[in-house]
Amino acid sequence: MSTRTSALDDLIFGVDIQSGDIRGDAPAYAVVTYDGESIDRDVVSLRKLRRRIESEEPAIVATDNTYELAEDKAALVHFLRGLPSETKLVQVTGDERPEPLSRVAARHGVRYGKAPMKEAEAAARLAARNVGYEVSAFTNTTTVKVSRGRSTGSGGWSEDRFTRRIHGSVKTTARDVESKLDEAALDYEQEVTKKYGGYSRAVFEVEATPDEIPVSGRRSGDTRIEIERERRDGIEYRPLAKRRDHVVVGIDPGTTTAVALTDLDGAVLDVWSSRTADTATVIEWIIEHGRPIVVAADVEPIPETVEKIRRSFDAAGWIPQRDLSVDKKLHRTREETYDNDHERDAMAAALFAFDDHEDQFERIAAKVPPQFDRGEVIARVVAGEESVESVLNAMRDDDDPEEESTTHDPRELTDEERAIKRLKTRVERLEGHVDRLNDTVSRKDDRIAELESELSDARREERREARERREVTRLERETERLKRELAEAEAKNERLDDKLERLKELWKLDHSNFADVAEKKRGLVSVKPIEQFTKGAIERADEAYGIAPNDVIYLRDASGAGRETAELLAAYEPRVVLRDGGLSEQADEILFEHDVPVAPAEDVSVQEIDELAVAREREVEAVIDAWRDRAEERRRDRKAAEIDQLISEHRARDPSRE
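Bear in mind the structure is a predicted one, so any value in this text is a computation, not a measurement.

## Focus on the environment of alanine 106
In step 1: Tracing the chain through its elements places alanine 106 in helix H3 (residues 101–107).
In step 2: Remark: the alpha-carbon pair of alanine 106 and arginine 275, spanning 169 residues in sequence, is separated by 8.9 Å.
In step 3: Aside from chain neighbours lying at most four places away, what touches alanine 106 is Ser274 and Thr276.

## Observations regarding the sheet that holds strand S13 (residues 268–274)
In step 1: Pairing is mixed in the open sheet, where five strands are placed in the order S13-S12-S11-S14-S15. Since the sheet does not close on itself, it has two edges, and those belong to S13 and strand S15 (316–318), each with one partner. Each adjacent strand pair in this sheet contributes to an overall mean axis angle of 25°, direction not counted.
In step 2: Bridge analysis of strand S14 (residues 291–296) against S15 gives three bridges, and the strand direction is parallel. By the bridge assignment for S15, valine 295 is matched with glycine 317.
In step 3: Against the sheet, helix H7 (residues 304–313) engages strand S11 (246–252), S14 and S15, with an angle of about 155° to S14.

## Considering the packing of aromatic side chains
In step 1: For the coordinates displayed, the defined rule picks out four aromatic pairs.
In step 2: Taken together, a centroid distance of 5.3 Å and an interplanar angle of 15° make the contact between tryptophan 272 and tryptophan 285 stacked. In this pair, tryptophan 272 is assigned in strand S13 and tryptophan 285 in helix H6 (residues 279–289), connecting sequence segments 13 residues apart. Here the two residues tryptophan 272 and tryptophan 285 agree in accessibility, since each one is buried.
In step 3: Centre to centre, the rings of phenylalanine 354 and phenylalanine 361 are 6.2 Å apart; their planes meet at 50°, and the pair counts as tilted.

## Topic: the nonpolar core
In step 1: Core analysis: the largest hydrophobic core is formed by 26 residues, its most contacted members being Ile293, Val294, Phe361, Ile364, Val377, Ile378 and Val382.
In step 2: When residues of this core are traced back to their parent elements, those giving at least two are S14, S15, helix H9 (341–367), helix H10 (374–384) and helix H11 (388–399).
In step 3: Considering every element that reaches this core, the biggest residue donor is H9, with seven residues.
In step 4: The contact partners of valine 382, leaving out residues within four places of it in the chain, are Ile293, Val294, Ala316, His357, Gln360, Phe361 and Ile364.

## With respect to the pairing of strand S3 (residues 39–45)
For a regular strand, the rule is simple: side chains alternate between the two faces of the sheet.
In step 1: As judged from the seven bridges shared by strand S2 (residues 28–34) and S3, these two strands associate in the antiparallel manner. Bridge pairing in S3 places tyrosine 29 opposite valine 44.

## Quick word on a negative patch on the surface
In step 1: On the surface, Asp187, Glu189, Glu191, Glu205, Glu207 and Glu230 cluster together into a patch of negative charge.
In step 2: When contributions to the negative patch are tallied by element, the ones reaching two or more residues are strand S7 (188–195) and strand S8 (198–207).
In step 3: By the element assignment, glutamate 205 lies in strand S8.

## Points about the side chain of threonine 63
In step 1: Here threonine 63 lies in strand S4 (residues 60–63).
In step 2: Accessibility expressed as a relative area gives 1% for threonine 63, which makes it buried.
In step 3: For threonine 63, the side chain forms a polar contact with the main-chain nitrogen of asparagine 65, separated by 3.3 Å.
In step 4: When near neighbours in sequence (up to four residues on either side) are disregarded, threonine 63 contacts Val15, Glu68, Leu69, Leu89, Val90, Gln91, Val92 and Ala123.

## Quick word on the environment of glutamate 567
In step 1: Looking at the secondary structure, you find glutamate 567 in helix H15 (residues 563–571).
In step 2: The spatial distance from the C-alpha of glutamate 567 to the C-alpha of alanine 587 is 8.0 Å, given a sequence separation of 20 residues.

## What about the pairing of S13?
In step 1: Judged by how many residues are buried, S13 sits mostly within the fold: six of seven residues are covered.
In step 2: With six bridges joining them, strand S12 (residues 257–262) and S13 adopt antiparallel strand pairing. The residue bridging alanine 258 from the neighbouring strand is serine 273, located in S13.
In step 3: Adjacent in sequence and paired antiparallel, S12 and S13 are bridged by five residues, among which glycine 266 carries a positive phi angle near 90°.

## Description of the side chain of threonine 223
In step 1: Note on placement: threonine 223 falls in strand S10 (residues 223–239).
In step 2: Under the relative-accessibility criterion, threonine 223 is labelled buried at 4%.
In step 3: In contact with threonine 223, other than residues within four places in its own chain, are Ser147, Arg148, Gly149, Ser169, Val170, Thr173 and Arg218.

## A look at the pattern of salt bridges
In step 1: Going through the model one piece at a time under the given rule, you end up with 39 salt bridges.
In step 2: Lysine 329 is paired through a salt bridge with aspartate 298; the nearest N and O atoms lie 2.7 Å apart. You can see lysine 329 sitting in helix H8 (residues 326–332) and its partner aspartate 298 sitting in the loop between S14 and H7, a full 31 residues away along the chain. Here lysine 329 matches aspartate 298 in class, with each residue buried.
In step 3: The shortest N-O distance in the salt bridge between arginine 628 and aspartate 625 comes to 3.9 Å. Of this pair, arginine 628 and aspartate 625 both sit in helix H17 (residues 617–653), three residues apart, which is roughly one turn of that helix.
In step 4: Look at arginine 628 and you get partly exposed, because its relative accessible area is 49%.
In step 5: Given a relative accessible area of 38%, aspartate 625 falls into the partly exposed group.

Parameters and conventions
- Residues numbered from 1 in each chain as written.
- Predicted model: local features only at pLDDT ≥ 70, side-chain atom pairs only at ≥ 80, totals over all residues.
- Heavy atoms only, no water.
- Helix = DSSP H or I, 4+ residues; strand = E, 2+ residues; numbered from the N terminus.
- Contact = heavy atoms within 4.5 Å.
- Pairing = 2+ DSSP bridges.
- Axes fitted to C-alpha atoms, helices over the stretch in contact; angles between N-to-C directions.
- Phe/Tyr/Trp six-rings, centres within 6.5 Å; stacked < 30°, edge-to-face > 60°.
- Buried < 20%, exposed > 50% of the residue type's maximum accessible area, 1.4 Å probe, protein only.
- Core = buried A, V, L, I, M, F, W, Y, C linked by side-chain atoms within 4.5 Å.
- Patch = residues over 30% accessible without salt bridge, like charges linked within 9 Å, V, L, I, M, F, W, Y side chains within 5 Å.
- Areas by Shrake-Rupley, 256 points an atom, 1.4 Å probe, with all protein chains shown as cover.
- Salt bridge = Lys/Arg side-chain N within 4 Å of Asp/Glu carboxyl O.
- Lys, Arg positive; Asp, Glu negative; His and termini not counted.
- Charge placed at Lys NZ, Arg CZ, Asp CG, Glu CD.
- Polar contact = N/O pair within 3.5 Å; in protein donor to acceptor, adjacent residues only side chain to side chain.

Dropping the structure here:
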């Protein structure tokens, strides 16, 4: 038989729980349907999943844990009972002690993801590769029960005739079932209960599954037929893949390892490749799929990995006289399908090895009698380098052992003893292989620890570099901010430089002891503006550019000042006060009393530069002269008024002088 199963061509359901819990309410399942080529995905409820299984009858329902479909063993048995007879429930992660799905997928080179839909797809692909264990609660024995379809009743004058008719119908139906089982060549045991007029019941225990039995359950009239599979004591897990065939193995080692198998007729049975598989994984995959006779490579000398695998099976080796060219590989595998160049190379190695041994296989097969296993004989001749005759004689001795001699000569071994001896030899070989694998595991554990340490150091260095990058970024942002502030400060400095130059000019105008300046600037006088005629405005102007005696003061708003404000301004002894707006009577009187000239600003052409200003000297002198004339007239008027008042007061005291 071939190690390839119908699962590779039939419909497979991969199932994984999407949300909820089988023990809770309304769990949802991710379902992937896979037929070897196309994939469909869906999310369904448990009830819809059962309906789909019943209607589509997939060859396999694959999952990573069967208890995602049933809450306990009783529920699992109920689920298995509801499956179509041709449908298998497969747990791809192992038997009672399953492995993680990620590990199984990595070992067999199947894509894996943590999302439920990805896990369902991985389960389907693994089942298609014959990976996993079939979950069974029933034996291959089916009970077919033929019995009465209605009660015989009690009493009445026609009871005997009615009972005889029913029992006769049961007997007729039982004989019909017996005839169909005989026609189908099925083994069965029959037990009947005879009653008046025929049978009250007939039970057939058939060595077959319900789908193999040409009888269906029904209830009709006087009889009914019930079909039920025999329950096991518990849940059984049976591996899908078994070592059945002798095969020729082609291996392409490297970063991606590929393995191809052919049967003894040259037909390609299976091909597989993986980037993560080590030697132990490759050996495990080969053990699951066949018994190697020849292990082949496509280059010479034989690679060390291939030689190690060959020795583990005690198989014959094969290599070409010189490395196989790509053209030869493409030509030899032109009728086969493969996923990558590595699978092509492994397949070419297996096929060329078969071509080289084909005549030998045919010669050996021609000498093998029908009662012997052709593959076993070929394996012993090719791998063990024995003759066909010696192998057949040894196998005959195994099948027909002579009786033990009564002498003390060494007796021949029995079949059981030979089997035990072979098994002990195999156990010793496997124990040696296990020791080698343990050494490999130990080395890999050390390497993993080393890599984990390197990874930790790399992560620490990466975190340090990340901190440095963040600090550099922060400093760059700070530098850009400072550059902007510097540019703004430089622009402000330029403006202040211009202002300083203008202030210097004004200062020079205000200091006549600089003869050269006086010569150049003769005819101008500085004017010091005050925004309002208030104490605060006067003090701010004094703080800003200073108010000195004999300064020309410009009041931008002269209204609202009282006695104290006017006295404060008069204390500075200004040369003249130019005003906009009218003065209050109190302020005007105070300034007049302190002999401070006051004139409208419109009488003088004032030119302002920022906070300071200048005016023509002649205009200032003109308004001062005009004020003095007005002041003299005002004094005369006031003096005349005072004299008139004195005369009036005197006359009022002495009326006789009139």
